[in-house]
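A look at the structure
Spelled out from the first residue to the last, the chains are:
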Amino acid sequence: MHTVVLIGDSGVGKSNLLSRFTRNEFNLESKSTIGVEFATRSIQVDGKTVKAQIWDTAGQERYRAITSAYYRGAVGALLVYDIAKHLTYENVERWLKELRDHADSNIVIMLVGNKSDLRHLRATSALDSTNVETAFQTILTEIYRIVSQKQMSERQESDMSPSNNVVNIQVQPTENKPKMQCCQNI
Ligand SMILES: Nc1nc2c(ncn2[C@@H]2O[C@H](COP(=O)(O)OP(=O)(O)O)[C@@H](O)[C@H]2O)c(=O)[nH]1
Ligand SMILES: [Mg+2]
């Protein structure tokens, strides 16, 4: 029995991936997973039967309250995001951290961009020029800022070097006053 966990933001389609794979069912109505916590299915690999138990977070991902018990014994994780919702992709990093913190270090991770039927809502297209301008603008702005920051700190560093740090101090000539006798040894 191989245990695989489904993780990813709420609403990305984890429960439907599970129902599609284990029962060939899909539900367009958004219902959070309550009750069903895992389902099993056997598949053939290299002529052998491999039995998989797939766990679905019963809605806890909404409250970020998935406990380490969920990851215990998992040999695989399907990390799901929604191709039409950029934030769910940004949060992939958070889920990877969650796996690093709780799951076995040898866990096999697969990133799944779900809802590919919503390709018209995808964020970038060279064909219709959606976001192409923004993509280049964003990377070039980022590069420009990094480079100019580096130049600035290099300049600051060289400003601190001794040759650039010379300040002229005017020393007034000492007056020729008669020296006072002080502290004579008696
Ligand atoms: N268009 C589309 N909608 C999907 C797909 N997968 C899930 N959904 C819908 O997205 C919503 C959330 O799905 P659900 O499986 O409950 O997500 P979960 O919170 O990650 O378990 C539901 O309304 C689903 O019908 C998909 O591949 N395409
Ligand atoms: Mg669910």
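Residues numbered from 1 in each chain as written. Chains lettered and ligands numbered in written order. Predicted model: local features only at pLDDT ≥ 70, side-chain atom pairs only at ≥ 80, totals over all residues. Heavy atoms only, no water.

The name that an unreviewed UniProt entry assigns to the chain is Ras-related protein Rab-25, with the source organism given as Dissostichus mawsoni. UniProt, in its Subunit (unreviewed entry) section for the chain, records the words "Interacts (GTP-bound form) with RAB11FIP1, RAB11FIP2, RAB11FIP3 and RAB11FIP4. Interacts (via the hypervariable C-terminal region) with ITGB1 (via the cytoplasmic region); the interaction is GTP-dependent. Interacts with ITGAV. Associates with the integrin alpha-V/beta-1 heterodimer. Interacts with VPS33B." (UniProt positions renumbered as here; feature names shortened; annotations may be inferred.)

Let us look at the overall build of the chain. A tally of helices and strands in the chain yields 5 helices and 5 strands. Mapped from its N terminus to its C terminus, the chain presents α and β elements in the order β-α-β-β-α-β-α-α-β-α. Expressed as a percentage of the 186 residues in the chain, the buried residues total 24%. By sequence separation, contacts in the chain at least 24 residues apart represent 65% of the contacts at least 6 residues apart. (Helix = DSSP H or I, 4+ residues; strand = E, 2+ residues; numbered from the N terminus. Buried < 20%, exposed > 50% of the residue type's maximum accessible area, 1.4 Å probe, protein only. Contact = heavy atoms within 4.5 Å.)

To continue, consider the pairing of strand E4 (residues 76–82). Of all the 7 residues making up E4, 6 are buried; the element is thus mostly covered by neighbouring parts of the structure. Where strand E1 (residues 2–7) and E4 come together, 4 bridges link them in parallel fashion. When the sheet's bridge partners are listed, Val 4 is paired in E4 with Gly 76. One ladder, built from 7 bridges, connects E4 with strand E5 (residues 108–114); its direction is parallel. Paired with Leu 79 across the bridge in E5 is Leu 111. (Pairing = 2+ DSSP bridges.)

On to the nonpolar core. Formed by 23 residues in total, the largest nonpolar core has its most connected members in Ile 7, Tyr 70, Tyr 71 and Leu 99. Those elements that provide at least two residues to this core are E1, strand E3 (48–56), helix H2 (68–71), E4 and helix H4 (92–102). Here the element with the most residues in this core is E4; it accounts for 4 residues. (Core = buried A, V, L, I, M, F, W, Y, C linked by side-chain atoms within 4.5 Å.)

The next thing to look at is the pattern of salt bridges. Opposite charge on two side chains permits them to pair, given that their charged atoms come into close proximity. Using the criterion set out here, one finds 5 salt bridges in the structure. In this structure, the salt-bridge partner of Glu 25 is Arg 23, at a minimum N-O distance of 3.3 Å. The partner of Lys 85 in a salt bridge is Asp 82, and the shortest N-O contact between them spans 4.0 Å. The exposure class of Asp 82 is buried, given its relative accessible area of 3%. It is possible to trace a salt-bridge network through shared partners that takes in Asp 82, Lys 85 and Lys 115. (Salt bridge = Lys/Arg side-chain N within 4 Å of Asp/Glu carboxyl O.)

Before going further, it helps to examine unusual backbone geometry. A positive phi angle, close to 50 degrees, is found at Asp 46, a residue other than glycine. Checked against the element boundaries, Asp 46 lands in the loop between strand E2 (38–45) and E3. Relative accessible area serves as the criterion here: at 78%, Asp 46 is assigned to the exposed category. Phi at Lys 115 takes a positive value of approximately 70 degrees, unusual for a residue other than glycine.

Within the open sheet, the 5 strands sit side by side as E2-E3-E1-E4-E5. Their pairing is mixed. Both outer strands of the open sheet, E2 and E5, are each paired with one neighbouring strand and no more. When the angles between neighbouring strand axes are averaged without regard to direction, this sheet yields 25 degrees. Its contacts with the sheet place H4 against E1, E4 and E5, and it is angled at close to 165 degrees to E4. (Axes fitted to C-alpha atoms, helices over the stretch in contact; angles between N-to-C directions.)

Turning our eyes to something else, we now look at the site of ligand 1. Around ligand 1 there are 19 residues in total, and Gly 11, Lys 14, Asn 16, Asn 27 and Asp 117 lie nearest to it. Within the contact set of ligand 1, a nitrogen atom lies 3.2 Å away from a side-chain nitrogen or oxygen of Asn 114. The element contributing the most residues to the shell around ligand 1 is helix H1 (residues 14–23), with 3 residues. Among the residues making up the shell around ligand 1, the classes are represented as 4 nonpolar, 8 polar and 7 charged. (Near = heavy atom within 4 Å. Polar contact = N/O pair within 3.5 Å; in protein donor to acceptor, adjacent residues only side chain to side chain. Nonpolar A, V, L, I, M, F, W, Y, C, P; charged D, E, K, R; others polar.)

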